Amino acid sequence: MSSMKSFPHIFLTGHPSVGKTTIIKGVQSSIQQKCGSNVITSGFYTEECRGKDGNRIGFDIVYWPTTAAAAAAAPTTTTTQQEPQRVALSRMMDRVQKGKPFVGKYLVDIDNVAKYAIGSISTGGETTSNKKSHELVVLDEIGKMEMLCPQFIPAVTKLLSSTNSSSSNHRIVFGTLPTPRYGRVIADVETVRARDDVLVLHVTKDNRDELRELLSGILQKALLETKDENSDMIESLEPYRYTRPIGASSLNGDRTSSKKKGNRQTTKNNQVADKRETDVSTGDSTSISVKPCGPLISPSIPPKALIVGETASPLPENPEHAYCERSMWIVLSKMFGLPYKPILDPSLASETALASYKVVKNMALAKGICIWDVLANVHQKSKGRKKQKPVDQPNNIEGLLKKNPSIKVIGFIGQKAHAKYKSLQQDTTINGRKVELVTLPSSSPSNTRLCTAEKADTWKSAFEIV
């Protein structure tokens, strides 16, 4: 029996921009340099495409024209099969067009996904080489853009199911999987994770360099060695195993939707029996389906002003990006005279945009501004028929004020937020002193009655602290 039949497919997961694709490229390059023509690379990875000004304009598919399907679709025949080709995966549009395949503001090229991404992992035939080969199949990533192509997941399933049973190739699939965003899991991704022949490793900034070196050696041995050393190699990867339970939205096991017996990545200790979550600020048990952000407050600087929206932001996978999608940062950046790039989705945001958000956020905290929302209910866009309005779950702003008596004013972003807070009748008295309540102009771009500069001036006047 070939040892390859027991070696698992390896997938990496972790926060966006943590370095998963960098590891993929580094490992593939190392194996290619050391093994040469003894190992063939097929598959694809995705990479940012930037314009002349350095800003992201979309994403590209970078694929190896190794399979017969990918070679036939390749736009040029001047390069060798081991040199990757590049085609567009998506491009940024000025506005979203109904009926078109969009992920956020990016229009996805479904035809290119079918021709090049799927073509590069096609198992309909062997590689274009006539001899038996050792093959590394790169699959980066099983993401939302790729999954907009209806044929993508069936092709992935076929690849995973046929690879270890192949009698002509020693083939390992090496790919990446996204982590849940805003508490939402992707069913097709969970299906891949739940497979007995898949091992998912958790990439962090602390371990990415050592993991790249380790995988370079392990995958090279797994591809070329014929003796049964798989158990030792797999054991060396155990410290990096991703332990989020299948179907759960976080490593702690929040909102577990399914439990698989015998699954190698799920243990009895991290299964969740209670699907209810705990409010991040009060400790009260609630039935909120998506976990909200807690108060954003400096741990060392006493807050002087509290900015409050109506409904909560979903807690992102990376807590450092809390509230980053909110339009309030546009106004705050204008107040502070700082450059800022608006963010709609932290997973699709450029490093430049995230860096500008952090600068504005840190300035706000340094100025004594803290941020929260009236309700813990996470705002979600309705799809199709309207669902029954959820019961309001108020945040404990009264408790926040008592814990932070230095807060002198609460600024509500828009009239709706202020009206909702009044309806809850929470006490705003601190040590016998009433906290001032102010209605701020809505920061939403749809509020065109004031320009951004006018909104910033009004906010600044209301606080009198910045």
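Report follows, based on the coordinates. (Residues numbered from 1 in each chain as written. Predicted model: local features only at pLDDT ≥ 70, side-chain atom pairs only at ≥ 80, totals over all residues. Heavy atoms only, no water.)

**Side note on the overall build of the protein**
In plain terms, the rule: Strands here are runs of E lasting at least two residues and helices are runs of H or I lasting at least four, both read from the DSSP assignment and numbered beginning at the N terminus. We call a residue buried when its accessible area falls under 20% of the maximum for its residue type, exposed when it is over 50%, and partly exposed in between, using a 1.4 Å probe and counting protein chains only. The contact criterion used is simple: two residues touch if any of their non-hydrogen atoms lie within 4.5 Å. Values of accessible area rely on a 1.4 Å probe in the Shrake-Rupley scheme; residue burial ignores everything except the protein chains shown.
The number of helices and strands found in the protein is 13 helices and 17 strands. Expressed as a percentage of the 466 residues in the protein, the buried residues total 48%. For the protein, the proportion of contacts with a sequence separation of at least 24, taken over those separated by at least 6, is 70%. About 22800 Å² of surface is accessible on the protein, with carbon and sulfur atoms providing 50% of the total.

**Overview of unusual backbone geometry**
Cis geometry marks the peptide bond from Asp 140 to Glu 141; its omega dihedral reads 10°. Within the secondary structure, Glu 141 is located in the loop between strand 7 (133-140) and helix 4 (144-147). Even without a glycine there, the phi angle at Ser 17 is positive, about 70°. Relative to the elements of secondary structure, Ser 17 occurs in the loop between strand 1 (9-13) and helix 1 (20-35). With phi around 70°, Tyr 323 is a residue other than glycine that occupies positive phi space. Counting through the fold element by element, Tyr 323 comes out in the loop between strand 12 (305-309) and helix 9 (328-336).

**Quick look at helix 7 (residues 208-224)**
Quick reminder of the rule: Helix span, expected: 1.5 Å multiplied by one less than the number of residues in the helix.
Taking 1.5 Å of rise per residue, 17 residues should cover 24 Å, and helix 7 covers 24 Å from first to last C-alpha, within 8% of that figure. Those residues of helix 7 that fall on the buried side of the exposure criterion are Leu 211, Leu 215, Ser 216, Ile 218, Leu 219, Ala 222 and Leu 223.

**Describing the pattern of salt bridges**
Note the threshold: The term salt bridge refers to a pairing of a side-chain nitrogen on Lys or Arg with a carboxyl oxygen on Asp or Glu at a separation within 4 Å.
Under the defined criterion, the tally for this structure stands at 17 salt bridges. Of the charged contacts in the structure, one is a salt bridge between Glu 320 and Lys 358, with a shortest N-O distance of 3.5 Å. Of this pair, Glu 320 sits in the loop between strand 12 and helix 9 while Lys 358 is found in helix 10 (residues 351-366), placing the two residues 38 residues apart along the sequence. Of the residues examined, Glu 320 reaches a relative accessible area of 45% and is grouped as partly exposed. Overall, the relative accessible area of 29% leaves Lys 358 in the partly exposed class.

**What to know about the side chain of Asn 207**
By the secondary structure assignment, Asn 207 is in the loop between strand 9 (198-202) and helix 7. Classification of Asn 207 by relative accessible area gives buried; the value is 11%. Dropping the residues within four chain positions of it, Asn 207 is found in contact with His 202 and Tyr 240.

**Remarks on the packing of helix 1 against helix 7**
The condition that has to hold: Axis lines are fitted to C-alpha atoms, over the contacting stretch for helices. Their N-to-C directions set the angle, which ranges from 0 to 180 degrees. For this classification, under 35 degrees means roughly parallel, over 145 means roughly antiparallel, 65 to 115 means roughly perpendicular, and everything else is oblique. The crossing is said to be left-handed when, going from far helix to near helix, the turn is anticlockwise and less than a right angle, and right-handed when the turn is clockwise. Residue type decides the class: Asp, Glu, Lys and Arg count as charged, Ala, Val, Leu, Ile, Met, Phe, Trp, Tyr, Cys and Pro as nonpolar, and the leftover types, Gly among them, as polar.
Interaxial distance between helix 1 and helix 7 falls to 9 Å at its minimum, and their mutual angle equals 45°. Overall, the two elements helix 1 and helix 7 adopt an arrangement that is oblique. Taken as a pair, helix 1 and helix 7 cross one another with a handedness that is right-handed. In this structure, helix 1 contributes Thr 22, Ile 23, Gly 26, Val 27, Ser 30, Ile 31, Lys 34 and Cys 35 to the contact, and helix 7 contributes Arg 208, Leu 211, Arg 212, Leu 215, Ser 216, Leu 219, Gln 220, Leu 223 and Leu 224. Per-class residue counts for the contact of helix 1 with helix 7 are 9 nonpolar, 5 polar and 3 charged.

**Observations concerning the packing of aromatic side chains**
To be explicit about the condition: Stacked, edge-to-face and tilted are the three classes for Phe, Tyr and Trp ring pairs, Trp counted by its six-membered ring, which pair at centre distances within 6.5 Å; planes under 30 degrees apart are stacked, over 60 edge-to-face, the rest tilted.
In this structure the tally under the stated criterion is 6 aromatic pairs. Relative to Tyr 106, the ring of Phe 59 has its centre 5.4 Å away and its plane inclined at 70°; by these criteria the two rings are edge-to-face. Pair noted here: Phe 59 is in strand 3 (residues 56-64) and Tyr 106 is in strand 6 (residues 106-108), with a separation of 47 residues, a long-range link. Phe 59 sits in the buried class, given a relative accessible area of 12%. Judged by centre distance (5.0 Å) and plane angle (35°), the rings of Tyr 63 and Tyr 116 are tilted. Of this pair, Tyr 63 sits in strand 3 while Tyr 116 sits in helix 3 (residues 110-120), and the two are 53 residues apart along the sequence. This pair shows no difference in class: Tyr 63 is buried, exactly as Tyr 116 is.

**Focus: the sheet that holds strand 13 (residues 369-373)**
This is how the line gets drawn: For two strands to be treated as a pair, DSSP must find no fewer than two bridges joining them.
With respect to topology, 4 strands assemble into an open sheet ordered 13-12-14-17, the strand pairing being parallel. Each having just a single partner strand, strand 13 and strand 17 (436-440) make up the two edges of the open sheet. Pairs of neighbouring strands in the sheet enclose a mean axial angle of 25°, with direction left out of account.

**Some remarks on the side chain of Asn 404**
Structurally, Asn 404 can be placed in the loop between helix 11 (397-403) and strand 14 (409-413). Look at Asn 404 and you get buried, because its relative accessible area is 14%. Dropping the residues within four chain positions of it, Asn 404 is found in contact with Ile 297, Pro 303 and Ile 430.

**What about the environment of Arg 208?**
Inspection of the secondary structure assignment puts Arg 208 in helix 7. Linking Arg 208 and Thr 22, residues 186 residues apart in sequence, is a C-alpha distance of 9.0 Å. The contacts of Arg 208, once residues within four sequence positions are left out, are Ser 17, Val 18, Gly 19, Ile 23 and Val 203.

**Re the packing of helix 9 against helix 10**
For the pair helix 9 and helix 10, the least separation of the axes is 10 Å and the interaxial angle reads 70°. Considered as vectors, helix 9 and helix 10 are oriented roughly perpendicular to each other. The crossing of helix 9 and helix 10 is left-handed. Side by side, helix 9 and helix 10 meet where Trp 329, Leu 332, Ser 333 and Phe 336 of the first sit next to Tyr 357, Val 360, Lys 361, Met 363 and Ala 364 of the second.

**So, the environment of His 134**
The following threshold applies: N or O atoms within 3.5 Å of each other form a polar contact, as long as, within protein, one can give a hydrogen and the other can take it, and as long as residues adjacent in sequence are counted only when both atoms are side-chain atoms.
With respect to the element layout, His 134 can be found in strand 7. Along the chain, His 134 and His 170 lie 36 residues apart, while their C-alpha atoms are 4.6 Å from each other. At 2.8 Å, the side chain of His 134 and the backbone oxygen of Leu 223 are in polar contact.

**Concerning the pairing of strand 3**
Burial analysis of strand 3 places 8 of its 9 residues in the buried class, the great majority of the element. Here 8 bridges tie strand 2 (residues 39-50) to strand 3, and the two strands are oriented antiparallel to one another. Residue pairing across strands places Arg 50 opposite Arg 56, the latter belonging to strand 3. The loop that links strand 2 with its antiparallel partner strand 3 comprises 5 residues; one of these, Gly 54, has a positive phi angle of about 90°. When strand 3 meets strand 4 (residues 85-92), the two strands line up antiparallel, connected through 6 bridges. Of the residues in strand 4, the one forming a bridge with Tyr 63 is Gln 85.

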